[in-house]
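The chain contents come next:
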Amino acid sequence: MRHRKRGRHFGRSSSHRVAMLRNLASALFLTERDAEFDPNPPKVKGRIVTTIQKAKEVRPLVEKCITIARRALVHQQAAQQFGTDAERGTDAWKAWRRSSQWQEWCAARGPVVAAHRHLLRLLRDKQAVRVLMADVAPQFESREGGYTRILRLAKPRLGDAGTRAILEFVGRHDRTAQPSQRPAFEDAGETTPKPPTATAAAETANDNG
């Protein structure tokens with residue numbers, strides 16, 4: 001019996017398994033980064049290929065991280081009205097620091113900092129957290145859960161024949177069913193004469209006789 005043995009172990013220790021899931025989740029978020037000058041850019045944004053078992057295990061972690069980042073967007077937008085566009089260290093920026101807007105900005109941005117720290121504890125990757133907060137979370141601002149999908153691949157993995165799967169974000173590579181068009185066998189303006197039936201042929205013969 002598997003009492004209190006929820007989840008897959010993958011033949012790894014607890015620390016190794018947690019690190020593997022963190023790396024998979026971070027890899028999925030990092031596919032959304034700006035990789036124009038990156039020597040190893042992602043092949044497809046918002047998608048990674050792994051085994052079906054790993055995809056099912058890492059999916060809850062990815063969904064949780066997106067939910068945390070998405071809920072922080074409201075506070076981040078509220079803090080923008082108290083912010084400033086002045087460069088750091090300038091006189092205008094120092095005057096803003098001494099004003100009451102600084103205190104209001106800090107109070108409004110507190111939940112954003114807390115969410116950032118929570119994500120950093122979950123992922124342990126600063127770049128992945130920045131990409132998640134800046135690029136991934138705004139895509140799902142009006143979506144309540146269900147941010148990813150798993151698609152099983154037909155071709156197994158070379159070496160151990162493991163079942164592979166695609167873990168990707170929804171909303172970008174969606175498959176839409178297109179209704180098929182009815183074929184037109186003849187033009188609407190042209191009509192082909194129908195062959196005479198047996199009754200019509202008999203009536204024509206009687207009339208001629």
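Before going further, it helps to spend a moment on the overall build of the protein. The number of helices and strands found in the protein is 6 helices and 3 strands. Moving toward the C terminus, one meets the helices and strands of the protein in the order α-β-α-α-α-α-β-β-α. Counting all 209 residues of the protein, 30% fall into the buried class. The long-range fraction of contacts in the protein, counting pairs at least 24 apart against all pairs at least 6 apart in sequence, stands at 65%. For the protein, the exposed area adds up to about 15,000 Å²; of that, 50% sits on carbon and sulfur atoms.

A separate point is the pairing of strand E3 (residues 164-169). With 5 of 6 residues buried, E3 is to be regarded as a mostly interior element. Here strand E1 (residues 47-51) pairs with E3 via 5 bridges, running antiparallel. By the bridge assignment for E3, Thr50 is matched with Ala165. Two strands pair when backbone bridges link them, and strand E2 (residues 148-152) and E3 are joined in this way by 5 bridges, in the antiparallel orientation. From the neighbouring strand, Leu151 faces E3, where its bridge partner is Ile166.

Bringing the side chain of Arg70 into the picture now. With respect to the secondary-structure elements, Arg70 resides in helix H2 (residues 52-80). Judged by relative accessible area, Arg70 falls into the buried class, the value being 9%. Sequence-distant contacts of Arg70, that is, excluding residues within four places in its chain, are made with Ala137, Phe140, Glu141, Arg143, Glu144 and Tyr147.

Attention now moves to the layout of surface pockets. In this structure, the largest pocket encloses a volume near 360 Å³. When residues of the lining of the largest pocket are traced back to their parent elements, those giving at least two are helix H1 (14-30) and H2. Looking at the lining of the largest pocket, its residues break down into 4 nonpolar, 3 polar and 5 charged. The volume enclosed by the second largest pocket comes to roughly 180 Å³. Looking at the second largest pocket, the residues that line it are Ala27, Thr31, Pro41, Pro42, Lys43, Val44, Arg47 and Ile48.

Here we take up the confidence of the model for the protein. Chain-level statistics for the protein give a pLDDT mean of 88 and a share of 89% at 70 or above. By mean pLDDT, the top-scoring element of the protein is E3 (96), and the lowest-scoring one is helix H6 (residues 198-208) (62).

Our focus in this paragraph is H2. Compared with the 42 Å implied by 1.5 Å per residue over 29 residues, the 41 Å span of H2 between its first and last C-alpha is a close match. Of all the bends in H2, the greatest, near 35°, is centred on Val58, and the proline Pro60 appears no more than four residues after it.

So, on to the sheet that holds E3. By definition, the strands of a sheet pair up through backbone hydrogen bonds, in either a parallel or an antiparallel sense. Spatially, the 3 strands line up as an open sheet ordered E1-E3-E2, and their pairing is antiparallel. Strand pairing shows two members of the sheet lacking a second neighbour, E1 and E2, which therefore form its edges. Within the sheet, the average angular offset between the axes of one strand and its neighbour, ignoring direction, is 25°. Of the strands in this sheet, E1, E2 and E3 are in contact with H2, which crosses E2 at around 170°.

Calculation notes
Residues numbered from 1 in each chain as written. Predicted model: local features only at pLDDT ≥ 70, side-chain atom pairs only at ≥ 80, totals over all residues. Heavy atoms only, no water. Helix = DSSP H or I, 4+ residues; strand = E, 2+ residues; numbered from the N terminus. Buried < 20%, exposed > 50% of the residue type's maximum accessible area, 1.4 Å probe, protein only. Contact = heavy atoms within 4.5 Å. Areas by Shrake-Rupley, 256 points an atom, 1.4 Å probe, with all protein chains shown as cover. Pairing = 2+ DSSP bridges. 1 Å grid on protein atoms, 1.4 Å probe; cavity = no way out; pocket = protein on both sides within 12 Å on 5 of 7 lines; lining within 4 Å. Points joined across faces, edges and corners; volume = space filled by probe spheres on them. Nonpolar A, V, L, I, M, F, W, Y, C, P; charged D, E, K, R; others polar. pLDDT = per-residue confidence, 0-100. Expected span 1.5 Å × (residues − 1). Bend = angle between axes of the 7 residues up to and from the residue. Axes fitted to C-alpha atoms, helices over the stretch in contact; angles between N-to-C directions.

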